[in-house]
Amino acid sequence: MGNFIFIPIVIILGLVLMSFVFIVKQQTAAIIETFGRFSSIRQSGLQFKIPFVQRIAGRLSLKIQQLDVIIETKTLDDVFVRLKVSVQYRVIREKVYDAFYKLDYPHEQITSYVFDVVRAEVPKMKLDDVFVKKDDIALAVKAELNDAMLDYGFDIIKTLVTDIDPDAQVKAAMNRINASEREKIAAQFEGDAARILIVEKAKAEAESKRLQGQGIADQRREIARGLEESVEVLNKVGINSQEASALIVVTQHYDTLQSIGEETNTNLILLPNSPQAGSDMLNNMVASFTASNMIGEQMKKNQGDKTTDKGSSKK
């Protein structure tokens, strides 16, 4: 019988002891009330209270917390946009009383201030400026929240504009504009590349023509020098200039025919090949030289007559 009575007494004593003792976790504050009136704030660790007289009214976390607020508003250029503002805050350890008793719903209070500031700032900006000046919006929200929430025991650590989402049609239009700009730039680069290619090709062709002309000039110069040497050699063996010229013309004529005949893929070419062909070419050349000499002598004679007439006039 005694053992059966002892067990309930132990259980009762244990329950009474447990009502005296409670534990507060790390980075947490417990608010103690005595007969419904604030009594004290207990920090982390093992704590004691008077059972049936004192009670734990609530617990507040002292960790940094984050509240995400999504706001829809309109910009200066009449574009509706959704912004996500993340507010990082914490309860000030020395102001746990204010944080617990002055505000019932701190999240709603912070959200109201965020809405108020964002809807006051964003309508002053165009959509592009909202993206560029999102940090300015975050700073404005932080400044407003700090002034308002400090009296309630909350410290605003940081505010961030984490997302800017315009209307779907506006995003599609922005993407089209961006794509058009990039296509325009690409077309300009392609045009510049094509122009450079044309210029370089023209320069290469001009250089090729210049070198080709220089080569032809060098070739003709060497041919003339060779002919001159050939005539001198023939003169030394008793052949006069006309005979030497005839011999050279005939030789070149038959060399040309031989060169053409050696080319198997040569197109059909009709050339005089009679025995008198070389003689005819020589006669034509001699006639041309004679006529040229006569014209030159006549021009010299006329120039001398003009000089004589001018001298007579001066006298």
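The written sequence of each chain sets the order in which its residues are numbered from 1. Local features in this predicted model are restricted to residues whose pLDDT is 70 or higher, and side-chain atom pairs enter the listing and the counts only when it is 80 or higher, whereas totals over whole chains, interfaces and linings include all residues. For side-chain calculations, the full set of non-hydrogen atoms in the structure is used, while hydrogens and water are omitted.

## Describing the sheet that holds strand S2 (residues 28-34)
Hydrogen bonding along the main chain pairs the strands of a sheet, whether they run parallel or antiparallel.
Move 1: Whether two strands pair depends on DSSP finding at least two bridges between them. A run of H or I in DSSP counts as a helix once it spans at least four residues, and a run of E counts as a strand once it spans at least two, with each numbered from the N terminus. Strand order in this open sheet of three strands is S3-S2-S5, and the pairing throughout is antiparallel. Each having just a single partner strand, strand S3 (37-42) and strand S5 (54-61) make up the two edges of the open sheet. Direction aside, the axes of adjacent strands within the sheet are offset by 25 degrees on average.
Move 2: Of the pairings in the sheet, the one linking S2 to S3 comprises five bridges and is antiparallel in character. For Ile-32, the partnering residue across the bridge sits in S3 and is Ser-40. Every axis in this analysis is a line fitted to C-alpha atoms, fitted for helices over the stretch in contact. Angles between the N-to-C directions lie between 0 and 180 degrees.

## With respect to the pattern of salt bridges
Move 1: Salt-bridge detection follows one rule: a side-chain nitrogen of Lys or Arg within 4 Å of a carboxyl oxygen of Asp or Glu. Under the defined criterion, the tally for this structure stands at eight salt bridges.
Move 2: Residues Arg-55 and Glu-33 are paired through a salt bridge, measuring 3.0 Å at the closest nitrogen-oxygen approach. Of the two residues, Arg-55 sits in strand S5 while Glu-33 sits in strand S2, which places them 22 residues apart along the sequence.
Move 3: For Arg-55, a relative accessible area of 45% translates into the label partly exposed.
Move 4: Linking Lys-74 and Asp-78 is a salt bridge whose minimum nitrogen-to-oxygen distance equals 3.6 Å. Each residue is placed in one exposure class: buried if its accessible area under a 1.4 Å probe, protein chains only, is under 20% of its type's maximum, exposed if it is over 50%, and partly exposed if it falls in between.

## Considering helix H5 (residues 134-149)
Move 1: With 16 residues, H5 extends 22 Å between its outermost C-alpha atoms, agreeing within 8% with the 22 Å of an ideal straight helix rising 1.5 Å per residue.
Move 2: Among all positions in H5, only Ile-137, Ala-138, Val-141, Leu-145, Ala-148 and Met-149 are buried. Taken end-on, H5 shows its buried residues confined to a sector of 100 degrees, consistent with a single buried face. Structural note: H5 exposes Leu-139 and Asp-147 on the side pointing more than 90 degrees away from its buried face. In this analysis, the expected span of each helix is defined as 1.5 Å times one less than the number of residues it contains. An arc is given here, and it is the one of the directions from the helix axis to the C-beta atoms.

## Examining helix H3 (residues 106-121)
Move 1: When the terminal C-alpha atoms of H3 are compared, their 23 Å separation across 16 residues agrees well with the 22 Å that a helix rising 1.5 Å per residue should span.
Move 2: Of the positions making up H3, those classed as buried are Pro-106, Ile-110, Val-114, Val-117 and Val-118. The arc that holds the buried residues of H3, viewed along the axis, is 95 degrees, so those residues lie on one side.
Move 3: On its buried face, H3 sits against strand S6 (65-74), strand S7 (80-91), H5 and strand S8 (154-166). Only heavy atoms enter the contact rule, under which two residues are in contact if any of them lie within 4.5 Å.

## Looking at the sheet that holds S6
Move 1: Strand order in the open sheet made by the three strands is S6-S7-S8, with antiparallel pairing throughout. The open sheet has two edge strands with one neighbour each: S6 and S8. Adjacent strand axes in the sheet meet at a mean angle of 20 degrees when their direction is disregarded.
Move 2: Where S6 lies against S7, ten bridges are found, and the strand directions are antiparallel. Bridging from a neighbouring strand, Gln-66 pairs with Gln-88 of S7.
Move 3: Seen against the sheet, H3 touches S6, S7 and S8 and runs at an angle of roughly 35 degrees to S6.
Move 4: Contacts from H5 reach S7 and S8 within the one sheet, and its direction differs from that of S8 by about 145 degrees.

## A look at the side chain of Glu-33
Move 1: Residue classification places Glu-33 among the buried positions, given a relative accessible area of 8%.
Move 2: Between N or O atoms, a polar contact is any pair within 3.5 Å; within protein, one atom must be a potential hydrogen donor and the other a potential acceptor, and residues adjacent in sequence are included only when both atoms are from side chains. Within the structure, Glu-33 has its side chain in polar contact with the side chain of Tyr-101 (distance 2.8 Å).
Move 3: Dropping the residues within four chain positions of it, Glu-33 is found in contact with Phe-38, Ser-39, Val-53, Gln-54, Arg-55, Ala-57 and Tyr-101.

## Remarks on a nonpolar patch on the surface
Move 1: To count toward a patch, a residue needs a relative accessible area over 30% and no salt bridge; like charges are then connected within 9 Å, while nonpolar side chains (Val, Leu, Ile, Met, Phe, Trp, Tyr) are connected within 5 Å. All accessibility values rest on the Shrake-Rupley procedure with a 1.4 Å probe; residue burial counts only the protein chains present in the view. A grouping of Leu-17, Phe-20, Ile-23, Leu-46 and Phe-48 is seen on the molecular surface, where their side chains present a nonpolar patch of about 540 Å² in accessible area.
Move 2: When contributions to the nonpolar patch are tallied by element, the ones reaching two or more residues are helix H1 (2-20) and strand S4 (45-48).
Move 3: Looking at the secondary structure, you find Phe-48 in strand S4.
Move 4: With a relative accessible area of 52%, Phe-48 lands in the exposed category.

## Description of the packing of H3 against H5
Two quantities define a packed helix pair, namely the angle between the helix axes and the distance between the axes.
Move 1: In the contact formed by H3 and H5, the axes pass within 9 Å of each other and the chain directions differ by 140 degrees. Here H3 is positioned oblique relative to H5, judged by the angle of their axes. For H3 against H5, the interelement crossing comes out right-handed. Contacts between H3 and H5 involve Gln-109, Ile-110, Tyr-113, Val-114, Val-117, Val-118 and Glu-121 on the former and, on the latter, Ile-137, Ala-140, Val-141, Glu-144, Leu-145, Ala-148 and Met-149. In this scheme, roughly parallel covers angles under 35 degrees and roughly antiparallel covers those over 145, while 65 to 115 is roughly perpendicular and the rest are oblique. Each helix crossing is assigned a hand: it is left-handed if the near helix lies turned anticlockwise from the far helix by less than a right angle, otherwise right-handed if that turn is clockwise.

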